[in-house]
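So the chains spell out like this:
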Amino acid sequence: MKFLNPFKINDWNIKYLLTTVILFQALLWTTIILESFNINIPFVRGISAFIALFFLNGMLILRILRIHELDSIRNLLYSLGLGTASIMFFGMLVDLVYPFLGITLPISTDPLLITFTAFTGLLCYMSFRRDGKFDHPEILDITGLSIPILTFLLLPFIAIFGTYLINTYQNNVLLIIMFFLIAFVPFLVAYNKFLPKKLYPLAIFSMALTLVLSTSLISNYITGWDINLEFYFTNLVTNTSYWNSSIPDLLNAMLSLVIIVPIFSKLSGMSVVAIYKVIYPLIFVFVPLGLYSIFQRQTTNKIAFFACFLFISIFMFFLEMPYLARQEIGELFFILMIMLMLESDISDRNILVLTVVFIPALLVSHYSMDYIYIFLVISSYLIILLRNRNLTVKYPRLGKWPFISFFFESADSAEKPKMRYKLQILLLFSITILYYLFVSSSVLFNLTLTTINNLITLSYLFLFNPNALMAVGIVTSEKTFLRSIALVLHLLIEALIAVGILALLYRRTKMKFNENYALFTVMSFVLLILVLVVPFLAGALNPERFYQIALIFLSVFFVVGWLRLSDFVNKLLKYRWNPKSVMKNSFKLMALFLAISLMFNSGVVYELLHDKPSSMVLHSSMDGPKFNNLEVTGAQWITKYRTNDEVHADSYRFLLLNGFIPYEKAKSTFYFPNTGSYMFLGSYNLLTGEFGIPQAGSTTLQYYSISNLTSVGTSIYNNGGSEIFI
């Protein structure tokens, strides 16, 4: 079966491209008009809005820039990045300008629909004028691939049906089967069965989407930690149809929350909850797809696959990231900047244009990733300046030690596309200072200054007071035999990554890594060690979340470390096995290791062997930040009818309240009756009679009986799943 490649629409004949764009615009307009007459066509409006805003506009911009004949992954990722950035920046412009034109509610359906349609029309005109004659479409040939393609297209539906079973019937059997099926895929690759190389990207995308949906679709409401606060600020814009940029809060400055979601909600007709549970996870799973492109261009298809599988199988990817909406978007632009680092098929002028778009988009998507990227760029640039001084000529001993010479000499054979460090540093600092200074009452700018001051102070303590060091591990506090095995698996992954980094420093990876990518990798490894060791950094960046970001660079070096260690063992045994057979068997053992690791990371092992559960995805009765309809209704009631007083709840129900009332009015502390404040109890509290709050100086929850709290309080609301006392 052959057809035009839909992932490279910008390479089509201009007539076909513009016809496709007009078709989706017409679908969007038609469904919105029909819904005004109460005629609803399920999913059509949401799908047409998603494709039109996030992809087709990006394809048109690529056409305007005359960027053609990239592979499907890069073309798709660049178009998604440009489409997402255009929503943020054009949406912010609409919010700032329209009030001066008399449109007091700029973030509402009618002005947005007309404005973005006009914007798309302008892009169509510009693409026709600048690049109307290009006509070199790629033909996709999927002859003989129907069964593998269908298999991986259907895989995410197992997550959809599995979460439905656990939400409705508390049955986790289908989700457990899903994890086993995903764990089996590396064996197909290791043994070269069923899955051809050209379908590795589809397999990665399908597995990533399946894993993320298995978490994001738990409960009918949003689940997780930070996402509730993100939901609050998104709703402020959605409900008022206007973004108040002066609100002094970090999250209010993130356009990934206060511009993209409200605009897409208005145009697609989807609720904010649905966008956070479906659309953002769908955008996020393009990150491992971009990683595959990055790894494959520097190594091999198989190494790239196993590196990506490690990335998506670590629990932070599918159990943490769906709860962090702004980081999902931030990582997209982070990946795009790394892809540009390796780019050799795009002109220098267009790389400059894309850099000028993606760096600001990263800054306004996630402030922590902004700081991380600034650190990586500056530290890498300093190493390049150090190399340019040719110190190995003046001090020959520096070149004799490979470990040290990495920082003083660049590899002659390494690929070195232009990085434009000076431009990036200028953009990073100028935009960071200007945007963070004038948005959200300078709260982000003040945070930046405080962070720098704390780092300087901490550096002094670190150098002169060894007691200031504190080890922070990405491990659970539970002490069981199975938890010990999980710890060993994590340590083995980190040890193999370290072996891979050593191979990179000694230039013995047997692969040609881009020199800029190598610098970013080494410095991300250094920063990871600092985050795990230095107390302030651990608190500021969160070790688990930064570990997930660091794996963007480090996951491929797990595979490199595994292969180099296999070669070393074979060398010790005096080359008992043929090097080719060693590599084949190494991938087979790696597949087994990653399958076992996924079983522990997902919590399947703990469920099957009746250990204490680790995942609220698989264990429906586990206490956690997930909420049912009755709890949400109770939170909405107290939001509507409370006076300007505090509302107390335990640590998890406190998160639910964050999505509805100002942060300073929700308290995760004990409730004192008859003081004018309220206490909110959720379903878990009512069913178990327990109220969980952290112990002093710890993040571990201590559970207390609610009887002492409720016996003296007065119940003012009870719907059977939540109760409120005063």
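Basis of the calculations
Residues numbered from 1 in each chain as written. Predicted model: local features only at pLDDT ≥ 70, side-chain atom pairs only at ≥ 80, totals over all residues. Heavy atoms only, no water. Helix = DSSP H or I, 4+ residues; strand = E, 2+ residues; numbered from the N terminus. Buried < 20%, exposed > 50% of the residue type's maximum accessible area, 1.4 Å probe, protein only. Contact = heavy atoms within 4.5 Å. Areas by Shrake-Rupley, 256 points an atom, 1.4 Å probe, with all protein chains shown as cover. Patch = residues over 30% accessible without salt bridge, like charges linked within 9 Å, V, L, I, M, F, W, Y side chains within 5 Å. Salt bridge = Lys/Arg side-chain N within 4 Å of Asp/Glu carboxyl O. Phe/Tyr/Trp six-rings, centres within 6.5 Å; stacked < 30°, edge-to-face > 60°. Lys NZ or Arg CZ within 6 Å of the ring centre and 35° of its normal. Polar contact = N/O pair within 3.5 Å; in protein donor to acceptor, adjacent residues only side chain to side chain. Axes fitted to C-alpha atoms, helices over the stretch in contact; angles between N-to-C directions. Parallel < 35°, antiparallel > 145°, perpendicular 65-115°, else oblique. Nonpolar A, V, L, I, M, F, W, Y, C, P; charged D, E, K, R; others polar. Left-handed = near helix turned anticlockwise from the far one by under 90°. Expected span 1.5 Å × (residues − 1). Pairing = 2+ DSSP bridges. pLDDT = per-residue confidence, 0-100. Core = buried A, V, L, I, M, F, W, Y, C linked by side-chain atoms within 4.5 Å.

Draft legend 1. Looking closely at the overall build of the chain. Check the secondary structure of the chain and you find 32 helices and nine strands. Looking at the chain as a whole, 56% of its 726 residues qualify as buried. For the chain, long-range pairs separated by at least 24 residues make up 76% of all intrachain contacts whose partners lie at least 6 apart in sequence. For the chain, the exposed area adds up to about 31,000 Å²; of that, 66% sits on carbon and sulfur atoms.

Draft legend 2. How the structure looks around helix α10 (residues 260-268). In terms of residue burial, α10 counts as a mostly covered element, since nine of its nine residues are buried. All buried positions along α10 are accounted for by Ile260, Val261, Pro262, Ile263, Phe264, Ser265, Lys266, Leu267 and Ser268. Downstream of α10 by a residue or two, Gly269 has a phi angle that is positive, lying close to 80 degrees.

Draft legend 3. Layout of a nonpolar patch on the surface. On the surface, a cluster of nonpolar side chains totalling about 570 Å² of accessible area is made up of Leu565, Phe568, Val569, Leu572, Leu573 and Trp577. For Leu572, the position within the fold is in helix α26 (residues 543-572). For Leu572, a relative accessible area of 57% corresponds to the exposed category.

Draft legend 4. Local environment of unusual backbone geometry. With phi around 60 degrees, Ser241 is a residue other than glycine that occupies positive phi space. You can see Ser241 is positioned in the loop between α8 (226-240) and α9 (255-258). Phi at Lys510 is positive, roughly 65 degrees, even though this residue is not glycine. Structurally, the position occupied by Lys510 is in the loop between α23 (481-505) and α24 (515-533).

Draft legend 5. How the structure looks around the pattern of salt bridges. Enumeration over the complete set of coordinates arrives at 17 salt bridges. Between Arg45 and Glu35 there is a salt bridge; the shortest N-O distance is 2.6 Å. Placement of the pair is Arg45 in helix α2 (residues 44-64) and Glu35 in helix α1 (residues 14-36), with a sequence separation of ten residues. Classification of Glu35 as partly exposed rests on a relative accessible area of 25%. A salt bridge links Asp567 to Lys510; the nearest nitrogen and oxygen atoms lie 3.4 Å apart. Of the two residues, Asp567 sits in helix α26 while Lys510 sits in the loop between α23 and α24, which places them 57 residues apart along the sequence. With a relative accessible area of 24%, Asp567 lands in the partly exposed category.

Draft legend 6. Seen up close, the packing of aromatic side chains. For the coordinates displayed, the defined rule picks out 43 aromatic pairs. Three or more aromatic residues link up through ring pairs in this structure, and these residues are Phe334, Tyr373, Phe513, Tyr517, Phe520, Phe553 and Phe557. The ring centre of Phe587 lies 5.4 Å from the NZ or CZ of Lys302, which sits over that ring. Sitting over the ring of Phe406, Arg387 keeps its end group 5.0 Å from the ring centre.

Draft legend 7. Layout of the side chain of Ser48. Within the secondary structure, Ser48 is located in helix α2. Since its relative accessible area comes to 2%, Ser48 is described here as buried. At 3.0 Å, the side chain of Ser48 and the backbone oxygen of Arg45 are in polar contact.

Draft legend 8. Representation of the packing of helix α5 (residues 146-169) against helix α7 (residues 200-216). Relative orientation of the contacting elements α5 and α7 amounts to 5 degrees, with a least axis distance of 8 Å. What the angle tells us is that α5 and α7 run roughly parallel. For the pair formed by α5 and α7, the contact residues are Ile149, Phe152, Leu153, Leu155, Pro156, Ala159, Ile160 and Thr163 on the first element and Leu202, Ala203, Ser206, Met207, Leu209, Thr210, Leu213 and Ser214 on the second. Taken together, the residues that form the contact of α5 with α7 break down as twelve nonpolar, four polar and no charged.

Draft legend 9. Here's a closer look at the packing of helix α15 (residues 325-342) against helix α17 (residues 367-388). As a packed pair, α15 and α17 sit with axes 9 Å apart at the nearest point and diverge in direction by 25 degrees. Judged by the inter-axis angle, α15 sits roughly parallel to α17. α17 is crossed by α15, and the crossing has right-handed handedness. Residues Arg326, Gln327, Gly330, Glu331, Phe334 and Met337 of α15 form the contact with α17, whose participating residues are Tyr367, Met369, Ile372, Tyr373 and Leu376. In terms of residue class, the contact of α15 with α17 is made up of seven nonpolar, two polar and two charged.

Draft legend 10. Highlighting helix α3 (residues 72-97). Taking 1.5 Å per residue as the helical rise, α3 with its 26 residues ought to reach 38 Å, and the 37 Å between its terminal C-alpha atoms agrees with that figure. Taken across its 26 residues, α3 has 20 buried, putting it largely inside the fold. Put simply, Asp71 is the residue that caps the front of α3, since its side-chain oxygen is 3.1 Å from the backbone nitrogen of Ile73.

Draft legend 11. Up close: the pairing of strand β5 (residues 678-681). In β5, alternate side chains face the same way, and those of Tyr678 and Phe680 on one face and Met679 and Leu681 on the other are all buried. Bridge analysis of strand β3 (residues 647-648) against β5 gives two bridges, and the strand direction is parallel. Bridge assignment links His648 to a residue of β5, and that residue is Met679. Across three bridges, the pairing between β5 and strand β9 (residues 723-725) is antiparallel. Within β9, the residue paired with Leu681 across the bridge is Glu723.

Draft legend 12. Local environment of the environment of His619. Tracing the backbone through its elements, the reader meets His619 in the loop between α28 (604-608) and α29 (629-641). With 448 residues separating them in the primary sequence, His619 and Asn171 have C-alpha atoms 8.8 Å apart.

Draft legend 13. Layout of the side chain of Thr223. With respect to the element layout, Thr223 can be found in the loop between α7 and α8. Given a relative accessible area of 3%, Thr223 falls into the buried group. The contacts of Thr223, once residues within four sequence positions are left out, are Thr215, Ile218, Tyr323, Met616, Pro625 and Lys626.

Draft legend 14. Expanded view of the pairing of strand β8 (residues 715-718). Both β8 and β9 contribute to a ladder of three bridges, which runs antiparallel. Paired with Asn718 across the bridge in β9 is Glu723. Taken together, β8 and the strand that follows it, β9, pair antiparallel across an intervening segment of four residues, in which Gly720 is found at a positive phi of about 95 degrees.

Draft legend 15. Region of the structure containing the confidence of the model for the chain. Across the chain, pLDDT averages 88, with 90% of residues at or above 70. Counted against residues more than four places away or in other chains, residues 458-474, with its pLDDT under 50, gives 23 contacts.

Draft legend 16. Region of interest: the sheet that holds strand β4 (residues 666-667). Spatially, β4-β3-β5-β9-β8 is the arrangement adopted by the five strands of the open sheet, whose pairing is mixed. The open sheet has two free edges, formed respectively by β4 and β8, since each of these has just one partner strand. Pairing between β3 and β4: two bridges, direction parallel. By the bridge assignment, Val647 is partnered in β4 with Ala666.

Draft legend 17. View of the nonpolar core. By size, the foremost hydrophobic cluster in this structure holds 239 residues, and its most contacted members are Phe334, Tyr517 and Phe558. Looking at this core element by element, the count peaks at 15 residues for α26. For Phe558, the contacting residues outside a window of four places in its chain are Leu310, Ile493, Leu496, Ile497, Met590, Phe593 and Leu594. Judged by nonpolar contacts, the second largest core, of seven residues, contains Leu681, Ile706, Leu709 and Phe725.

Draft legend 18. Region of the structure containing the environment of Leu423. Within the secondary structure, Leu423 is located in helix α21 (residues 421-438). By relative accessible area, which is 24% here, Leu423 ends up partly exposed. On a C-alpha basis, the gap between Leu423 and Val356 in space is 9.0 Å, while along the polypeptide they are 67 residues apart.

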